[in-house]
Amino acid sequence: MRFTKFGLTTLRDTPSEAEIVSHQLMLRAGLIRRLASGLFTWMPLGLRVLRKVERIVREEMDRAGALELMMPAVQPAELWQETGRWDKYGNLLLRMRDRHDREFCFGPTHEEVITDIARRELRSYKQLPVNFYQIQTKFRDEIRPRFGVMRAREFTMKDAYSFDLDQDGLDKSYQVMHAAYTAIFERLGLKFRVVDADSGEIGGSRSQEFHVLADSGEDAIAWCDEDDFASNVETAATSGLDGAPAAPAQELDKVSTPNTKTIEQLAEFLSIQPEQTLKTLIVEGDEQPIALALRGDHELNAIKAAKLPGVASPLTMADPATIVKVTGCKPGYAGPIGLDIPVYYDHATKLMSDFVAGANETDMHLTGVNFGRDIDTPETVDLRNVVEGDPTPGGKGTLSIARGIEVGHIFQLGTSYSEAMNATIQDQDGNDITMLMGCYGIGVTRIVGAAIEQNHDERGIIWPEPLTPFDVVLIPINMHRSEPLREAAEALYAELTDLGLDVLFDDRDARPGVKFADAELIGIPHRLVISDRGLEAGELEYRHRRDEDARMMKRDDALNMLTGS
Ligand code: ATP
Ligand code: MG
């Protein structure tokens, strides 16, 4: 491809709307352009990368025996009413009406449609196992679209759905997808981890996520190599800590703590560490508000809390008026002593002694609080996110925490959809069996952003070779002033192309510095520079995008290296 024919516009300045580096670089390098919030055009350069991702995904899905089909993006409401998701899915679902006033949605996922296909098409156990997949546009009206294509509203997903006769079959289908996903992310050249995930409301038995590791990742993941443990922090369990709290050393006291609504403000005001405080959060409950008590430095886990008896799901913080009503004080000063609603205590509070808690009086806290003396020693539950250094649930090691970007998700659905939609099949004895389903998603467009998060430097993108839009960028120096150089550059471009390489030939009449900067921004792994001086010696200048310096190479050596011969 000739640069002058490619219509590529790069941007020198970082667009202000882009918060993270992949979004900035995708805009600057001209991979995508924004149309509206969460909607992006894939420009020719970006589409080349996207197609490479799609190809690898497709090849591995085919190799795993999955069958590609293509379902409509627009789906009738009736199907979603059958599973109850028309109401449950909420505002994420983009709803619309046709000219006959019938209701539709733009599919955020395709369980309903594929289950409808399955109940119509699959009659006999002989047709199982089967796994259908598609690579297709989804729409989710995300509450906060951000990070460019990583959390877009319209995006491309590879979604697959397996159908089996029994749990054994489902386990096998799931394992096949686990292996296919592993192969996909290895082939993409990305550093990733597979972690246990929350199986959500649907209550499937098994669910795992594939995360590309990157500091900007929205998800925290916990793992321990000694224990072979890896889990999304959302689901990683904390164990009840062994041991007993230290004996009380302080008297219970009430102190004035004005303007200390947060744990940080309180700890600073009292010159103590946040872990010496107990934070008491008031949340909505099924019948009455409920208090959740955690060590001050710990973070509440909304998924765990919402599963506790009596707590509203999804977890909802009580509004200020409710807090005032149940505590008798302004928000920020709630504490367990004298509180008239149920309190759940996190496991880690069990070891606390001489701690600080809200006094249920505005601007007041209690110090020197001790279980067994000032409050009954409570039963404890798992309420918090795990932190670095926590023991693993298996107890053999300690946890490390890293950030990840969820690029894939595999999920055993069981019969939740097939039951609701009556998708049955005849077994060997002629009995009607409800099919067991699995679903398997990959964020195809998100992968491009995730790959950049993991592979860039201050000058731009550094594409992993399987994803690069071009293999080689060929840069002639001042070609427009030297006819011999022009001829040599054209010949080299033709030869590289004939060798099967995808070449970006920077034939612009532009300064070398401009061309170098663009090549680095775009992130093409191999750069060849051809100049009059090199021409005389029969040499080219070569530099890998990750190399510190360029080096001169004989023309043939450079070509052999690039073709791997
Ligand atoms: P998230 O937790 O990031 O919102 P999810 O768990 O809701 O994602 P799934 O329903 O598991 O998403 O969808 C399968 C895959 O589709 C995800 O693993 C992710 O890679 C991708 N994906 C989901 N939402 C988006 C989005 N808004 N933009 C781009 N990709 C997305
Ligand atoms: Mg998911």
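Residues numbered from 1 in each chain as written. Chains lettered and ligands numbered in written order. Predicted model: local features only at pLDDT ≥ 70, side-chain atom pairs only at ≥ 80, totals over all residues. Heavy atoms only, no water.

A few points about unusual backbone geometry
Cis peptide bonds are those with omega within 30 degrees of zero, and the linkage from Leu128 to Pro129 qualifies with -5°. Relative to the assigned elements, Pro129 resides in the loop between helix H6 (111-121) and strand S7 (130-139). In this model, Ser313 is joined to Pro314 through a cis peptide bond whose omega is -5°. Backbone geometry places Asn259, a non-glycine residue, at a positive phi of 55°. Relative to the assigned elements, Asn259 resides in the loop between strand S13 (253-256) and helix H8 (263-270). For Asn478, which is not a glycine, the phi torsion comes out positive at approximately 55°. (Helix = DSSP H or I, 4+ residues; strand = E, 2+ residues; numbered from the N terminus.)

Considering the packing of helix H2 (residues 21-28) against helix H12 (residues 444-454)
Across the interface, H2 lies against H12 with an axial gap of 8 Å and an inter-helix angle of 105°. Classified by the angle between their axes, H2 and H12 sit roughly perpendicular to one another. Facing H2, whose interface residues are Val21, Ser22, Leu25 and Met26, H12 presents Val448, Gly449, Ile452 and Glu453. Its residues assigned to classes, the contact of H2 with H12 comprises 5 nonpolar, 2 polar and 1 charged. (Axes fitted to C-alpha atoms, helices over the stretch in contact; angles between N-to-C directions. Parallel < 35°, antiparallel > 145°, perpendicular 65-115°, else oblique. Contact = heavy atoms within 4.5 Å. Nonpolar A, V, L, I, M, F, W, Y, C, P; charged D, E, K, R; others polar.)

Quick look at the site of ligand 1
In the neighbourhood of ligand 1, 14 residues make up the surrounding shell, with Arg140, Glu142, Arg151, Ala152 and Glu406 lying closest. Note that an oxygen atom of ligand 1 is positioned 3.4 Å from one of the backbone N or O atoms of Val407. Measuring from an oxygen atom of ligand 1, one finds a side-chain N or O atom of Arg446 at 3.0 Å. For ligand 1, whose free accessible area comes to 580 Å², the fraction covered by protein is 81%. Breaking the shell around ligand 1 down by element, the ones donating at least two residues are strand S8 (154-164) and strand S20 (400-414). Among the elements that make up the shell around ligand 1, the one with the highest residue count is S20 (4 residues). Its residues assigned to classes, the shell around ligand 1 comprises 6 nonpolar, 3 polar and 5 charged. (Near = heavy atom within 4 Å. Polar contact = N/O pair within 3.5 Å; in protein donor to acceptor, adjacent residues only side chain to side chain. Areas by Shrake-Rupley, 256 points an atom, 1.4 Å probe, with all protein chains shown as cover.)

Section: the environment of Asp509
Tracing the backbone shows Asp509 in the loop between strand S27 (503-505) and helix H14 (512-522). Note on Asp509: relative accessible area 65%, which makes it exposed. Separated by 505 residues in the primary sequence, Asp509 and Thr4 have C-alpha atoms spaced 9.2 Å apart. (Buried < 20%, exposed > 50% of the residue type's maximum accessible area, 1.4 Å probe, protein only.)

Side note on the environment of Val233
Looking at the element boundaries, Val233 is found in the loop between strand S12 (229-232) and S13. A C-alpha to C-alpha distance of 23 Å links Val233 and Met177, two positions 56 residues apart in sequence. Excluding anything up to four places from it in sequence, Val233 contacts Ala220, Ile221, Ala222, Asn301, Asn385, Val386 and Ile401.

What to know about the sheet that holds strand S15 (residues 290-295)
In space, the 4 strands of this open sheet follow the order S14-S15-S16-S19, with mixed pairing throughout. Each edge of the open sheet is held by one strand with a lone partner, namely strand S14 (278-283) and strand S19 (380-381). Pairing analysis gives 2 bridges linking strand S16 (residues 343-346) to S19, with the strands arranged parallel. Bridge pairing in S19 links Asp346 to Val381. (Pairing = 2+ DSSP bridges.)

A few points about the sheet that holds S13
For sheets, the rule is that strands pair by backbone hydrogen bonds, running either parallel or antiparallel. If you trace the 3 strands from one edge of the open sheet to the other, you get S13-S18-S17, paired in antiparallel fashion. Looking at which strands have only one partner, the edges of the open sheet turn out to be S13 and strand S17 (355-358). Neighbour-to-neighbour, the strand axes of this sheet turn through a mean angle of 35°, independent of strand direction.

Remarks on the side chain of Ser173
Following the sequence through the fold, Ser173 ends up in helix H7 (residues 167-187). Ser173 sits in the buried class, given a relative accessible area of 11%. Discounting chain neighbours no more than four positions away, the residues touching Ser173 are Pro129, Ser162, Asp164 and Tyr440.

Considerations on H7
Given a rise of 1.5 Å per residue, 21 residues ought to cover 30 Å, and the 30 Å separating the end C-alpha atoms of H7 matches this to within 8%. Just past H7, the residue Gly189 takes up positive phi, approximately 75°. (Expected span 1.5 Å × (residues − 1).)

Describing the nonpolar core
Counting 68 residues, the largest nonpolar core has Leu31, Tyr181, Phe185, Leu188, Val448 and Trp463 as its most contacted members. Dropping the residues within four chain positions of it, Leu31 is found in contact with Met26, Thr41, Trp42, Met43, Leu45, Gly46, Val49, Val448, Ile452, Ile461 and Trp463. Residues Ile114, Leu128, Met435 and Cys439 belong to the second largest nonpolar core, which totals 26 residues. (Core = buried A, V, L, I, M, F, W, Y, C linked by side-chain atoms within 4.5 Å.)

Looking at the packing of aromatic side chains
The final tally for this structure, using the stated rule, is 13 aromatic pairs. Here a set of aromatic residues connected by ring pairs shows up, and it is made of Tyr181, Phe185, Phe192 and Phe210. Positioned above the aromatic ring of Trp86 is the side chain of Arg95, whose terminal nitrogen or guanidinium carbon lies 4.7 Å from the ring centre. Across from the ring centre of Phe3, 3.7 Å away, lies the NZ or CZ of Arg508, which sits over that ring. (Phe/Tyr/Trp six-rings, centres within 6.5 Å; stacked < 30°, edge-to-face > 60°. Lys NZ or Arg CZ within 6 Å of the ring centre and 35° of its normal.)

Focus on H14
When we look at burial in H14, the residues that qualify are Lys515, Asp518, Ala519, Glu520, Leu521 and Ile522. Of the residues one or two after H14, Gly523 is the one with positive phi, at around 85°.

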